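# Fold and contact review
Chain by chain, the residues run as shown.
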Amino acid sequence: MDEIEIGNYSNAQVMATKYIGEILSNAELDARIQCYKEYQYYHDGIERRSDLTNEQKEEWKSTYTYKFIPITDSYGKVIGGEPWIEIGGPNYTRVVIPSYQGR
């Protein structure tokens, strides 16, 4: 924005292109997005269930909140993340999905 404000539009465009490339190739961001999508998938699935009471749904959601555990390389750089289903439980245990009791 500083470059745009001083009228240096070509430099602003170069910088924007550079930052877009960095965002698109950011392994940590990709891992966080994937982990959240996985969390949201199971969260929404519990919400849609008709065989669970509202209390059971609330208990499940409070037990299994969103967590992100990064995977790092030997230099400490984040190169990925643990799957949410594997670490979303208390003390980073596996998430338990209640078996479906169809009506």
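Up top is the structure these notes are about.
Read on for an overview of the structure. In this text, all values refer to a predicted model and were calculated from it rather than measured experimentally. (Residues numbered from 1 in each chain as written. Predicted model: local features only at pLDDT ≥ 70, side-chain atom pairs only at ≥ 80, totals over all residues. Heavy atoms only, no water.)

Another aspect to go through is unusual backbone geometry. For N91, which is not a glycine, the phi torsion comes out positive at approximately 55°. Within the fold, N91 resides in the segment after α5 (84-87). Positive phi outside glycine occurs at Y92, with the angle close to 60°. One can find Y92 in the segment after α5. (Helix = DSSP H or I, 4+ residues; strand = E, 2+ residues; numbered from the N terminus.)

Applying the stated criterion across every chain yields a total of 5 salt bridges. Between E28 and R32 there is a salt bridge, with the nearest N and O atoms lying 3.1 Å from each other. Of this pair, E28 and R32 both sit in helix α3 (residues 27-48), 4 residues apart, which is roughly one turn of the helix. Residue R32 is classed as partly exposed on the basis of its relative accessible area of 36%. The partner of D51 in a salt bridge is R49, and the shortest N-O contact between them spans 2.8 Å. With relative accessibility at 11%, the residue R49 sits in the buried group. Three or more residues are tied together by salt bridges with common partners; here these are E47, E58 and K61. (Salt bridge = Lys/Arg side-chain N within 4 Å of Asp/Glu carboxyl O. Buried < 20%, exposed > 50% of the residue type's maximum accessible area, 1.4 Å probe, protein only.)

This part is about the side chain of H43. Tracing the sequence through the fold places H43 in helix α3. Not counting residues within four places of it along the chain, the set of residues in contact with H43 comprises W60 and K61. (Contact = heavy atoms within 4.5 Å.)

Membership of the largest hydrophobic core is limited to 12 residues, which are A31, C35, Y39, I46, L52, W60, Y64, F68, W84, I85, I87 and V95. Looking at this core, the elements that each hand over two or more residues are α3 and α5. With 4 residues, the top contributor of residues to this core is α3. Here A31 is in contact with F68, G80 and G81, once residues within four sequence places are set aside. (Core = buried A, V, L, I, M, F, W, Y, C linked by side-chain atoms within 4.5 Å.)

Below, the discussion takes up the environment of N26. Take N26: it is sitting in the loop between α2 (9-24) and α3. What makes N26 partly exposed here is its relative accessible area of 32%. C-alpha of N26 to C-alpha of W84: the two residues are 58 residues apart in sequence and 19 Å apart in space. Within the local environment of N26, its side chain forms a polar contact with the backbone nitrogen of E28, the two atoms lying 3.0 Å apart. There is a polar contact of 2.9 Å between the side chain of N26 and the backbone nitrogen of L29. (Polar contact = N/O pair within 3.5 Å; in protein donor to acceptor, adjacent residues only side chain to side chain.)

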